[in-house]
Amino acid sequence: MNIAYGSTLSVEDYCTLRKSVGFYDISAEQVQRALDKSDYIITASVDGMTVGMARFISDGTQILVMDVVVHPDYQGYGIGKGLMEQMREYIESTEYDCMLVNLLTDDSKIGFYAKLGYMKAEGMRLWLQHT
Ligand SMILES: CC(C)(COP(=O)(O)OP(=O)(O)OC[C@H]1O[C@@H](n2cnc3c(N)ncnc32)[C@H](O)[C@@H]1OP(=O)(O)O)[C@@H](O)C(=O)NCCC(=O)NCCS
């Protein structure tokens, strides 16, 4: 499989990918704002079709990783790992010595992130969702 990585993500592709993995809907306006405000976006394409994405926001000391998604038809081919490795290379190429990378995930994905070096933040379970 020929996988190409890039940094351009349309609102439509973002929404399609989220929908493909059952994530809740976000309005197009909100998505556009989120993409505009992202500090980093990485996409994976196969035959010109966007099949994976990940992004983060950052203040230069901490990073919040979001929307790590690979379309179900393309899962298991190393694309998720590829996206996260591209992201790591980018973070390591920045001028900052110290960068705390945060992300939220459920138990079923911990193994995926553990293979990439992420550690469980034991005991840190407070969060708030506005709906
Ligand atoms: C999580 C996700 C991004 C993984 O993408 P993927 O392309 O299927 O993963 P990869 O093929 O790159 O897998 C990389 C490695 O992680 C392992 N892995 C993948 N998903 C895993 C899981 N859920 N649990 C444990 N290990 C996993 C693979 O076996 C592989 O191991 P290897 O390097 O030893 O061969 C994808 O399953 C997905 O989009 N899920 C739905 C959306 C989601 O929940 N995203 C996370 C939000 S925080």
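1. Points about the overall build of the protein chain
So, point 1. From N to C terminus, the protein chain includes four helices and five strands.
So, point 2. Ordered by position in the sequence, the α and β elements of the protein chain form the string β-α-α-β-β-β-α-β-α.
So, point 3. For the C-alpha atoms alone, the extent of the protein chain along its principal axes is close to 40 × 35 × 30 Å.
So, point 4. Across the 131 residues in the protein chain, those meeting the buried criterion constitute 18%.
So, point 5. Across the protein chain, every contact between residues at least 6 apart in sequence was considered, and the portion connecting residues at least 24 apart equals 57%.

2. Brief notes about the site of the ligand
So, point 1. What surrounds the ligand is a group of 18 residues, the closest being Gln75, Gly80, Lys81, Gly111 and Phe112.
So, point 2. Put simply, the parts of the chain that give the shell around the ligand at least two residues each are strand S4 (62-70), helix H3 (79-93) and helix H4 (110-115).
So, point 3. Looking at the shell around the ligand residue by residue, the classes come out as eight nonpolar, seven polar and three charged.

3. With respect to the pairing of strand S5 (residues 100-103)
So, point 1. As paired elements, S4 and S5 share four bridges and run parallel to each other. Looking at the pairing, Ile63 lines up with Val101 of S5.

4. A few points about the environment of Asp47
So, point 1. Note that Asp47 resides in the loop between strand S2 (40-46) and strand S3 (49-58).
So, point 2. Overall, the presence of 9 C-beta atoms within 10 Å leaves Asp47 in the exposed class.
So, point 3. For the pair Asp47 and Ser58, spaced 11 residues apart in sequence, the C-alpha to C-alpha distance is 31 Å.

5. A short note on the nonpolar core
So, point 1. Met53, Ala54, Val68, Leu83 and Met87 are the most contacted members of the largest nonpolar core, which totals 18 residues.
So, point 2. Among all residues touching Met53, those that are not within four sequence positions of it are Leu9, Tyr14, Leu17, Ile42, Thr43, Asp67 and Val69.

6. Observations concerning the sheet that holds S5
So, point 1. Strand order in the open sheet made by the five strands is S1-S2-S3-S4-S5, with mixed pairing throughout. Only two strands of the sheet have a single neighbouring strand rather than two, namely strand S1 (3-6) and S5. Recorded for the sheet is a direction-independent mean angle of 20° between the axes of neighbouring strands.
So, point 2. As judged from the four bridges shared by S1 and S2, these two strands associate in the antiparallel manner. From the neighbouring strand, Ala4 faces S2, where its bridge partner is Ser45.

About the thresholds
Residues numbered from 1 in each chain as written. Predicted model: local features only at pLDDT ≥ 70, side-chain atom pairs only at ≥ 80, totals over all residues. Helix = DSSP H or I, 4+ residues; strand = E, 2+ residues; numbered from the N terminus. Buried ≥ 20, exposed ≤ 12 C-beta atoms within 10 Å, placed from the backbone. Contact = placed C-beta atoms within 7 Å. Near = placed C-beta within 6 Å. Nonpolar A, V, L, I, M, F, W, Y, C, P; charged D, E, K, R; others polar. Pairing = 2+ DSSP bridges. Core = buried A, V, L, I, M, F, W, Y, C linked by C-beta atoms within 7 Å. Axes fitted to C-alpha atoms, helices over the stretch in contact; angles between N-to-C directions.

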